[in-house]
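# Remarks on the overall topology
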Amino acid sequence: MVKRSLRASLSGIQQAKRAFTLKGWTQENLAGEVNLKTRQPIWRFFTGQPVERQIFLAICSILDLDWRAVADHPPAEFFEPGESAEIAPPDLDRLVQQVRSQYWDTIQNQCGVLHLLDVNHPVNIDDIYVDVNILEEIASQQWFEIADLQKLEPAEFDRVGLGVIEQSQIPGRQAVQTYSKLRVLGKPGVGKTTFLQHLAIQCNRGGFSADQVPIFISLRDFAEESRRQQEFSLLNYIHQALLTAGNSDSSIPETLLQAGKILLLMDGLDEVLNRDIAAVLKEIRKFSDKYYKNRFVVSCRTAAQKLRLRGFTDVEIAPFTQLQVATFAQKWFVALTKTTAQSGQNQATQFIQKLDLPENWQFRQLVVTPLFLHLACWVFHSQGKFPTKRPEFYKQGLDLLLGQWDEAKGVERDEVYRGFLLPQKLRLLSQLAAVTFEQGQYFFEQRTIERYIEDYLRNMPGAPLEAEELQLESESMLHAIEAQHGLLIERARGIFSFSYLVFQEYFTARKIVASHNLRALEQALGGLVSHITDPHWREVFLLTAAMLRSADSLVQLMKQQIDELVAQDPYLQDFLRWASQKSQQIPDALKVATKRSFYLALATNPNTAAHFALACTLDQGMFLDAALEKLLLECTVDDGQDFAHTNACSTALNNILMIVLDAGFYKSLQQLRDQLPSSSQNRERIQDWWQKNYSVWIKQLQETISHYRNINHSWQFSAEQQQVLQRYYDANQLLIDCLNSNCEVTAVIRQEIEATLLLPQKELEEREWQGD
């Protein structure tokens, strides 16, 4: 007769105590995990006394231990009342292969094809699937100080939480092989369902767990069917699935499960409605405890990880690496563009090349998620480029997260938004984004964001008046935004942020653009331009300009704010005046702002290599000025009083003389060149010349260049003035980028701004007075 109780051996007790210590629990905690009302069985377990068999198995399962390694003289096998002995291994192997063969078509039909968004035909999973990586540490369970997170630069935000690229990763299939009970977490659209489908297909083909039968279950469908049947039974559900596939023997599911021959893939725990979730969780726990020999994989959104599954190990799907993005793009363009394989590969190469451009770093933030990568490939395929109006792309992405993705999959979720329609959800998210971004809060504590939600709800009709009720509702709404849409995520314990910085920036811009009247819009734009020197606001400016029906007021306010940066400094005004005068000497074929910016940069940056290269493409006069600045740099090197240095200065002067048109200037430079010692002289005579004549010669060269070309003035800026000039340059560049972003600006306003860029205050006032 099979023993109804088990006891731990001495070595087993030691193993169990080590595992128990790692958990950091008390015996009361462990009793609660096993659903015991008293901790007495736990005490008996750790003291080597007999414990009821099912409790013994449950304790070992929770501590991730093999019960046979813990038990004292474990029985070969044991069975529930009414169960029969296992069939012989050869017969079992034949049975597995028989069921796999019968169920093969069902798995291929369930998991072999994908239905991608906006694609009007199914896609073979092998044509598009890219192997995923797994993070064994859950980001939202880590501890961070919020002060440390706030120090991060925008480009580093995705290194926190789900995007920690330094964290070690393992292949997805390795994680499934390592943990017999695995829960796979991930953000919306990260590929959780596709990963489980891939496992099912690989198992079906014998490439993974070839000795098991793959069973793929949508937990949403299981919950709905169980509610209709008024019984939540995974065993009956599996039996029905095998029966539909042609296996009528009702004992086979139990036989396979007892032998550990099932790979059970349960998808979408977060998609189960609240009314069914407790029953579903209870059934999974009970089923996986009873049939512990099998392999279980459950997928769930990261935000729903609070739905505890006892005995399961939580891991998280990692964002795509650059290599995975490139691999996905190669497969996507070959499979979906309906062209030749070579043509698809060429288009994928162009996609990756343009994605890597500096101006597309915001897109690179998003495409680490397969859902957004598919969207980016689709847009690129349609337009041949990334959209210049990024708000349109962001809006498509947000539409997916705010409901279109669930709708496409036929997922119904619990409504906890107080009946909010989409416009109300957008207003709430815009308010949250704007108030946090205005305060420089890219990461925020849970209670902080809940208070912001409370502030929003308090101003709505029918809002609860009681503080406690309002707080509870704000908690519920935060959970909905996180769990249902993935727009806010828990980056670390109790610390939230928008899932992507670009969404916080987009919603901030949307809040400005959606101002309810003209006066409110003017105030909002005024608040925006007050941040014109803050680089963190750059993307908000570009998005706002692109989203406005008319960006005239915005660019005019930006221009006024920029001019005020240097208006009160006479020395900086002189500097701008000189640049304006120099630009007037250059033919009108070039934009006047281009000429001014060239001379401003040439005078402030001693390294002229970039300006020299630019001047080659612009104008001969600008090219000459850049060459002269380069000459002065070469000739003023103090440690080069030798043949090579003398020859370099002479050669540079010869090259410059070839492009000098002014006769007086030519003659003066020629005389200076002739004063240099001949390269044929010995080293001592060359050094003697430099020591006696260098100071006078270089001064004459500087005065000659200054006289004829009006450059090489010794502009001496203080540290504060240098900072002001840098902010002034950057703000002007932002204004130009806004004008070039396909925003709606009338031709008259555009021409006026371009004509007055980088002008000193006096000239601006003269133009205004003249009405020019």
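As the structure is a computational prediction, the values presented were derived from the model and not from experiment. (Residues numbered from 1 in each chain as written. Predicted model: local features only at pLDDT ≥ 70, side-chain atom pairs only at ≥ 80, totals over all residues. Heavy atoms only, no water.)

## Description of the confidence of the model for the chain
Per-residue confidence for the chain gives a mean pLDDT of 82, with 83% of residues at or over 70. This stretch, residues 159–165, has a pLDDT under 50; its non-local contacts, to residues over four places away or in other chains, come to 19 contacts. (pLDDT = per-residue confidence, 0-100. Contact = heavy atoms within 4.5 Å.)

## Notes on the sheet that holds strand β13 (residues 488–492)
Read from one edge to the other, the open sheet built from three strands follows the order β12-β14-β13, with strand pairing classed as antiparallel. Strands at the two margins of the open sheet, each flanked by one partner only, are β12 (444–445) and β13. As defined by bridge partners, β13 adjoins strand β14 (residues 495–498) across four bridges and the pair is classed as antiparallel. Within the sheet, the bridge partner assigned to E490 lies in β14 and is F496. Along the sheet, helix α20 (residues 422–438) makes contact with β12, β13 and β14, crossing β14 at roughly 110°. (Pairing = 2+ DSSP bridges. Helix = DSSP H or I, 4+ residues; strand = E, 2+ residues; numbered from the N terminus. Axes fitted to C-alpha atoms, helices over the stretch in contact; angles between N-to-C directions.)

## Section: helix α16 (residues 341–355)
In an α-helix, one turn spans 3.6 residues; hence positions three or four apart end up facing the same way. Taking 1.5 Å per residue as the helical rise, α16 with its 15 residues ought to reach 21 Å, and the 21 Å between its terminal C-alpha atoms agrees with that figure. Within the span of α16, buried status applies to G344, Q347, A348, F351 and L355. Along the axis of α16, the buried residues cluster in a sector spanning 105°; they form a single face. Tucked inside the fold, the buried residues of α16 contact α15 (322–336), α17 (361–366) and α18 (370–383). (Expected span 1.5 Å × (residues − 1). Buried < 20%, exposed > 50% of the residue type's maximum accessible area, 1.4 Å probe, protein only. Arc of directions from axis to C-beta.)

## Describing the sheet that holds strand β9 (residues 262–267)
An order of β6-β5-β11-β7-β10-β9-β8 is seen for the seven strands of this open sheet, with the pairing classed as mixed. Unpaired on one side and paired on the other, β6 (169–171) and β8 (213–218) mark the two borders of the sheet. Neighbour-to-neighbour, the strand axes of the sheet open up by a mean angle of 30°, direction not taken into account. Across four bridges, strand β7 (residues 181–186) lies against strand β11 (residues 313–317) in parallel orientation. Each bridged residue has a counterpart across the sheet, and for R183 the counterpart in β11 is D314. The sheet contacts of helix α12 (residues 234–244) involve β8 and β9, and relative to β8 the element is tilted by about 110°.

## Re the packing of aromatic side chains
Taken as a whole and judged by the stated rule, the model has 33 aromatic pairs. Ring centres 5.2 Å apart and planes at 90° place the aromatic pair F45 and F46 in the edge-to-face group. Here F46 falls in the buried class, since its relative accessible area comes to 8%. Each ring, one from F498 and one from F507, has its centre 6.3 Å from the other, and the planes form 40°; the classification is tilted. When its relative accessible area of 0% is taken as the criterion, F507 is described as buried. Through successive ring pairs, a cluster of aromatic residues spans W332, F333, F351, F363, W378, F380, F386, F393, Y394, F498, Y506 and F507. (Phe/Tyr/Trp six-rings, centres within 6.5 Å; stacked < 30°, edge-to-face > 60°.)

## So, the packing of helix α23 (residues 501–513) against helix α25 (residues 538–547)
Viewed as axis vectors pointing N to C, α23 and α25 meet at an angle of 45°, and their least axial separation amounts to 9 Å. The orientation of α23 with respect to α25, classified from their angle, is oblique. In this structure, the crossing between α23 and α25 has a hand that is right-handed. Contact residues: E505, Y506, T508, A509, R510, I512 and V513 in α23; E539, V540, L543, T544 and M547 in α25. (Parallel < 35°, antiparallel > 145°, perpendicular 65-115°, else oblique. Left-handed = near helix turned anticlockwise from the far one by under 90°.)

## Here we look at the packing of α20 against helix α21 (residues 446–458)
Viewed as axis vectors pointing N to C, α20 and α21 meet at an angle of 130°, and their least axial separation amounts to 10 Å. Viewed along their axes, α20 and α21 adopt a mutual orientation that is oblique. Helix-helix and strand crossings are classified by hand; for α20 and α21 the assignment is right-handed. For the pair α20 and α21, the contacting residues are Q424, R427, L428, Q431, L432, V435 and T436 in the first and I449, Y452, I453 and Y456 in the second. Residue composition of the contact of α20 with α21, by class: seven nonpolar, three polar and one charged. (Nonpolar A, V, L, I, M, F, W, Y, C, P; charged D, E, K, R; others polar.)

## Section: the pairing of strand β10 (residues 295–301)
Burial runs high along β10: seven of the seven residues are buried. Residues R295, V297, S299 and R301 of β10 are buried on one face, and the alternating residues F296, V298 and C300, pointing to the opposite face, are buried as well. Across six bridges, the pairing between β7 and β10 is parallel. Of the residues in β10, the one forming a bridge with G186 is R301. As paired elements, β9 and β10 share four bridges and run parallel to each other. What sits directly across from L264, in β10, is F296.

## Let's talk about the state of the cysteines
Between two cysteines, a covalent bond joining their sulfur atoms is known as a disulfide. Following the criterion strictly, the structure yields zero disulfides and no others. Left unpaired, C738 is separated from the closest cysteine sulfur, that of C743, by 6.5 Å. (Disulfide = S-S within 2.5 Å.)

## A look at unusual backbone geometry
Despite not being glycine, S209 shows a phi value in the positive range, around 45°. Tracing the backbone shows S209 in the loop between α10 (192–205) and β8. By relative accessible area, which is 16% here, S209 ends up buried. Positive phi values are uncommon outside glycine, yet L758 reaches one of about 65°.

## A look at the nonpolar core
Note on soluble globular proteins: their nonpolar side chains tend to be buried together. With 193 residues, the main nonpolar core has L219, L269, F351 and F503 as its most contacted residues. Excluding its chain neighbours within four sequence positions, the residues that come into contact with L219 are M266, D267, G268, L269, V272, V280, I284 and V298. One finds A8, A19, L30 and L63 within the second-largest nonpolar core, a separate group that totals 25 residues. (Core = buried A, V, L, I, M, F, W, Y, C linked by side-chain atoms within 4.5 Å.)

## Examining the pattern of salt bridges
Inspection of the entire model under this criterion finds 23 salt bridges. One salt-bridge network, held together by shared partners, links R447, E450, E454, D455 and R458. (Salt bridge = Lys/Arg side-chain N within 4 Å of Asp/Glu carboxyl O.)

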